[in-house]
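Reading the structure
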Amino acid sequence: MADAVQYRLERMTDELDDLERRGLFTRAELADVVRRRRDFEFRIRRHSPLRQDYLDYIAYELRLDSLRNLRKRAIIRAAASESDASDDEDDDAGNKRKSKRGKKWKRSISDVAGVLRVLDIYRMATVRFKGDLDLWFRYLEFCRDKRHGRMKQVLAQAIRFHPKVPGLWIYAAAWEFDQNLNVAAARALMQSGLRSCPQSEDMWVEYLRMELTYLNKLKARKVALGEDVKTLQKSDNDAGQWKEENKELFMPLNEQDEGPKDSGSAADALEEKEDMFWRQGLLIIQTIYQGAVEALPSSLTLRKKFLEILNSVDLAHSEELKLEVLDDLKKDFSHCEDYWDWFARLQLTDLNNSNSLNGKDALSNKLNRSIQVYDEAVRRLPSSKMYSLYAKFWMDVLHPDREDSIALFQNSEFDASEFTSSILKVYGSAQACGCLTEDLACQYVSLCLKLERLEEAKNLAEKLCNSPLSDAANLWSLRASMEINSFATAGTSQFSKENLSCLFDLFSTVLSKLPITQSEGLWHMAMKFFSNEKVYFEKLVKCAMLSLGLAGGSDSGASVSSAIIGWYFQRDGMKQARKMYKRFLALPRPSLKLFQYCIELEANLASLGDHGALANARKLYNSAIDHYPQERELWRNYHNLELKVGTSETANAVYWRARKVLSDSTALTAPSS
């Protein structure tokens, strides 16, 4: 290894001599450069070099080359200023000095050695880490930035090692198309990539985009040469007008006048050639589209991207292909809710039928067409997802200030409130079809509340909670909040006994029906509402004991039980809180979070000097460890508690006990002496 490193360092002597001769680096600086390079060479040639070793070496060489460029420019600027100051000297001396300076800064080995060394390091890194795609792309980007001739070789190597990576094929084709200006090679790379990765949507999309870009370039070339009959635009009237206004630009190569008959036949031949060109271009695009559909017949996203690309380019004879794509979409994806949602929203961006209308009428026309598509969709697919997408569309229309709203309705004078009856009809249709989900039901009730239809909202929530959505916790929460608000706005400052009894019956009905994992929010709402009513709160505690016994050690049950313990602690003190948490911990499978909450209460008191609280905290820790013996954090907290408020003997006892149970000597910190 040392011989190889020494050999590579000896090969740098010409470069180092050139740097010193030009005055870019001093001898001391070059000695430091050699030392750093020797260190990097040994790092990358050890038995198991790291990827970061190569990257550090490359970063150092790039910084060194940047410093060389800066110093070179500074010396050139200084020499130029000196030559300007000595203009009064004779011409012969000046010419001699300029020739010397030109000879001094002629391109030499030190100008290219840095780039070549970085390329060599990248080569060694990719040989060592062939599967590192990020390293390959760094290599390729460096070659592209430096415009080095090794680019083709590196691309071939990367593709040989990673033929199933679509990004490499796309990168190679883009470089051939944009940088190397070789369309045939770019097309061959894309076709080879499609054979290797036929299931890649990005490959098909980029292939189509490349061919369309090439066609647009050919269109621009024909216009520049005066060979385009239809011009770059689609409008024939505009094309003829432009031709007439700029007819002096189209000068014939043959100066002889061949007569009107020959010119007419030449124009016909040119137009026939033009039509053949566009037919061939359209045939290429159709072939790509058909190949993509055969390779990915179930991909809706691919066809949507194809249509977006076709809409973004101004290409003659492309309307037929757009209609073909739309027809195929409807035929193949009419059973998919996402297709109908996309197609309905597509109507808002269609400008073909609204050019002659003003802004508000055009917007209303587009919205009506979207509604017609959604109505057809719910007739064909009366599913919960379809109604959810329909409702989301209306929410985006009604609330244009939302983050994911439709951009067309933002900052517009369009009033969507006149479509309120249509929105309610959508929710009613979903309810009639049995497709009303919990989210849709909550949106339905919330919309009625927003429209100030309070009684209708209450009756609707009661109807939905009693039969089809009896297990919808969010809907029950919405209904309970409506009942509380209706009693609160009745005109009295406090709730009457009848109101409290009615609300407690409502909460007890749903809390006894739903498991505590689903009704956690309802439990907290009920406890907050009855926190000042001791009788009803104790009844809630009894209901909670039954639900917690069924829930076991869930985190939702731990939050409810912790809230109850906290209420007793704040109202009646720690003595009642201890009685309550002992009742909860006696239930089957107590939660770890409940243990942690109770331990925190006792530990806070123990830190204030309460010895009884310290004894209770130790009991809680021992009980928690019996249920969860492998919880390292539990052992660590127990040990820290003993270190803070216990003795060295108790802390050491916990430490050795933890080592024995966990079978790990590093589970806790070392015991105190």
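Sequence order as written defines the numbering, with residues in each chain counted from 1. The predicted origin of the model limits local features to residues at a pLDDT of at least 70 and limits the giving and counting of side-chain atom pairs to 80 or more, whereas totals for whole chains, interfaces and linings rest on all residues. Values shown for side chains rest on all heavy atoms present in the structure; no hydrogens or waters enter the calculation.

Looking up the protein in an unreviewed UniProt entry gives the name U3 small nucleolar RNA-associated protein 6, with the organism given as Digitaria exilis. What the UniProt record of the protein gives under Subcellular location (unreviewed entry) is the line "Nucleus, Nucleolus". UniProt positions are given in the numbering used here, feature names are shortened, and annotations may be inferred rather than shown by experiment.

With that out of the way, let us pick up the packing of aromatic side chains. Stacked, edge-to-face and tilted labels apply to pairs of Phe, Tyr and Trp rings (six-membered ring for Trp) whose centres lie within 6.5 Å, assigned for plane angles under 30 degrees, over 60, and everything in between, in that order. Within the structure shown, the criterion is met by 27 aromatic pairs. An aromatic cluster is present here, built from Tyr122, Trp136, Tyr139, Phe142 and Phe161 joined pairwise through their rings. The criterion for a charge sitting over a ring is simple: Lys NZ or Arg CZ within 6 Å of the ring centre, and within 35 degrees of the ring normal. In this structure, Arg160 is placed above the aromatic ring of Phe161, and the distance from its NZ or CZ to the ring centre is 5.0 Å. Over the ring of Phe504 we find Lys539, and its NZ or CZ is 5.7 Å from the ring centre.

Helical segments are the DSSP runs of H or I of at least four residues, strand segments are the runs of E of at least two, and each set is numbered from the N terminus. Expected span of a helix, by definition, is 1.5 Å for each gap between consecutive residues, and there is one gap fewer than residues. A rise of 1.5 Å per residue sets the reference length of helix 30 (residues 632-645), with its 14 residues, at 20 Å; its end C-alpha atoms lie 20 Å apart and thus fit the reference within 8%. The buried label goes to any residue with under 20% of its type's maximum accessible area, the exposed label to any with over 50%, and the partly exposed label to all in between, with areas taken from a 1.4 Å probe on protein chains only. For helix 30, the complete set of buried residues consists of Leu634, Trp635, Tyr638, His639, Leu641 and Glu642. Projection of helix 30 onto a plane perpendicular to its axis shows the buried side chains occupying an angular sector of 155°, all on one side. Between two residues, a contact is recorded if the distance between any of their heavy atoms is within 4.5 Å. Residues of helix 30 that are buried make contact with helix 28 (592-607), helix 29 (611-627) and helix 31 (648-662). Working definition: the arc comes from the directions between the helix axis and the C-beta atoms, pointing outward to the latter.

All right, on to the side chain of Arg303 then. On the secondary structure map, Arg303 appears in helix 14 (residues 300-312). Given a relative accessible area of 2%, Arg303 falls into the buried group. The residues touching Arg303, leaving out its near neighbours within four places in the chain, are Tyr289, Val293, Pro297, Val325, Asp328, Leu329, Asp332 and Phe333.

Positioned with a positive phi, Arg147 is a non-glycine residue whose angle comes to about 55°. Along the polypeptide, Arg147 turns up in the loop between helix 7 (133-146) and helix 8 (151-161). In this structure, Arg589 takes a positive phi of about 50° despite not being glycine. Looking at the element boundaries, Arg589 is found in the loop between helix 27 (574-585) and helix 28. With relative accessibility at 52%, the residue Arg589 sits in the exposed group.

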